[in-house]
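This is what each chain is made of:
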Number of protein chains: 2
Amino acid sequence: MTRNPDVPEAAVTRLAAYLEALERLETQEVATTSSAEIARHAGVNAAQVRKDLSYFGEFGRPGLGYDVANLRRSLARILHLDREHLVILLGSGRLGTALLGYPGLAQRAFRVAGVFDSSPRVIGQELCGHRVLDVRNLQEFNREHEVKIGIICVPTAQAQAACDQLVAAGIRAILNFAPVSLRAPPHVLVRHVDVTRELQALAYYLAD
Amino acid sequence: MTRNPDVPEAAVTRLAAYLEALERLETQEVATTSSAEIARHAGVNAAQVRKDLSYFGEFGRPGLGYDVANLRRSLARILHLDREHLVILLGSGRLGTALLGYPGLAQRAFRVAGVFDSSPRVIGQELCGHRVLDVRNLQEFNREHEVKIGIICVPTAQAQAACDQLVAAGIRAILNFAPVSLRAPPHVLVRHVDVTRELQALAYYLAD
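Residues numbered from 1 in each chain as written. Chains lettered and ligands numbered in written order. Predicted model: local features only at pLDDT ≥ 70, side-chain atom pairs only at ≥ 80, totals over all residues. Heavy atoms only, no water.

Draft legend 1. Representation of the interface of chain B and chain A. Taken together, the 64 residues of chain B in the interface contact 65 residues of chain A. Of the roughly 5800 Å² buried where chain B meets chain A, counting both sides, 66% is carbon and sulfur surface. It is Gln200(B), Tyr204(B) and Tyr205(B) that lose the most area in chain B upon contact with chain A, and together they represent 15% of the buried surface on that side. Seen at the junction of chain B and chain A, the total is zero salt bridges. Where chain B touches chain A, the interface holds five residue pairs in polar contact (both at pLDDT 80 or more). Residues that form the side of chain B that touches chain A fall into these classes: 37 nonpolar, 13 polar and 14 charged. (Contact = heavy atoms within 4.5 Å. Buried area = accessible area lost by both parts, 1.4 Å probe. Salt bridge = Lys/Arg side-chain N within 4 Å of Asp/Glu carboxyl O. Polar contact = N/O pair within 3.5 Å; in protein donor to acceptor, adjacent residues only side chain to side chain. Nonpolar A, V, L, I, M, F, W, Y, C, P; charged D, E, K, R; others polar.)

Next up, the structure:
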């Protein structure tokens, strides 16, 4: 599944930030740019931008910088963002609802194909235009829809079970919001968005 | 504000993951552990664990591994998690509400001191035990409470204004959930939790 094992995951995440920077520059009708300008928009340094881009090819021309539209298209293609991606949402609580209402998903061509929950209280309810489905029907659902990306926003105690259910349904990439490390087979990529961990890292930088 | 400029931010974030691993091991009454075991829990490799820990001191004993309780206490102290941290939440929409209800915050000794919004529709309403306050009173509020950490969960278009308001109120570290890069003075650390960016990075790993 991994395209180039030498590319650090953090570089891939930064690539998405560079793409956002380029889109902003394009909106401002900027035609050419520099690693310094991209870096400023993305909150890193210019050397980091050049290093990260070098993993994926030769984009700029020495002394001339980068063509904004070309680089934007290249990064979108590298990140597979030149196509729509379906996602399955597991967990329809407050966080799941927040994600469903998050305009960034559709803007980025991520379309929620199904929302699943295990609680009889919410199964069948409508949530932001989606009927909440029974997680027991997840495998059957995905035999038809072949969704590759799953988002876990269930309570911590249910997160590993949710992960197992997504894996069994053929999901290949999981975004996990539960504050716990999940076990998944090597062919499934799991990324954590751990709010508490981010806050803990922030606390480190506070003066004594 | 930065404690050691040579420590990469990503290492600090991983330190929080190691701390979680150690807490889990302590719950399981494991007395000593190895970088390999910590790595397995945190989803990285053992060399990364040893490298990251080496930024902060000498913790293990060659051939004997790490004392779980000692290392757990050391990491909590390094991350300043041996004390309570107050946070201010700016934005009381779905995401803000999800965060307010997130049990991980209190478990980690992050206490929400105040919830602020700019919309007259929600100011004064009660939300998970907090009365939503007018963002125009943020500076005055923080002269008294001296909160150092702010969380931005307002719509994208309002995120920079929210950041400016937090900076003006004396906030030193900001966790930003809006999908946009924010400008802040150098003494203020801003970290992004960008759901879309994480999803974009996931998409990279999907096979063609």
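Draft legend 2. Representation of the packing of aromatic side chains. What the rule picks out here adds up to eight aromatic pairs over all chains. Consider the rings of Tyr204(A) and Phe56(B), whose centres lie 5.9 Å apart with planes at 90 degrees: the pair is edge-to-face. Of this pair, Tyr204(A) sits in helix α9 (residues 195–204) while Phe56(B) sits in the loop between α3 (46–54) and β2 (66–67), each in a different chain. Each member of the pair, Tyr204(A) together with Phe56(B), is buried. Aromatic pair Tyr55(B) and Phe56(B): ring centres 6.4 Å apart, planes at 75 degrees, arrangement edge-to-face. Accessibility expressed as a relative area gives 25% for Tyr55(B), which makes it partly exposed. Ring pairs connect the aromatic residues Tyr55(A), Phe56(A), Tyr204(B) and Tyr205(B), which therefore count as one cluster. (Phe/Tyr/Trp six-rings, centres within 6.5 Å; stacked < 30°, edge-to-face > 60°. Helix = DSSP H or I, 4+ residues; strand = E, 2+ residues; numbered from the N terminus. Buried < 20%, exposed > 50% of the residue type's maximum accessible area, 1.4 Å probe, protein only.)

Draft legend 3. How the structure looks around helix α8 (residues 156–168) of chain A. Residue and element names in this part refer to chain A. The end-to-end C-alpha distance of α8 is 19 Å, a good match for the 18 Å that 13 residues give at a rise of 1.5 Å each. All buried positions along α8 are accounted for by Ala 159, Gln 160, Ala 162, Cys 163 and Leu 166. Projected down its long axis, α8 shows its buried positions confined to an angular sector of 160 degrees, all on one face. Contacts made by the buried residues of α8 are with β3 (85–90), α7 (138–145), β7 (149–152) and β8 (173–176). (Expected span 1.5 Å × (residues − 1). Arc of directions from axis to C-beta.)

Draft legend 4. Highlighting the domain arrangement of chain A. What the domain assignment reports for chain A is domain 1 (9–78) and domain 2 (85–198). Computed from C-alpha atoms alone, the centre-to-centre distance between domain 1 of chain A and domain 2 of chain A is 31 Å. (Domains from an automatic or database assignment.)

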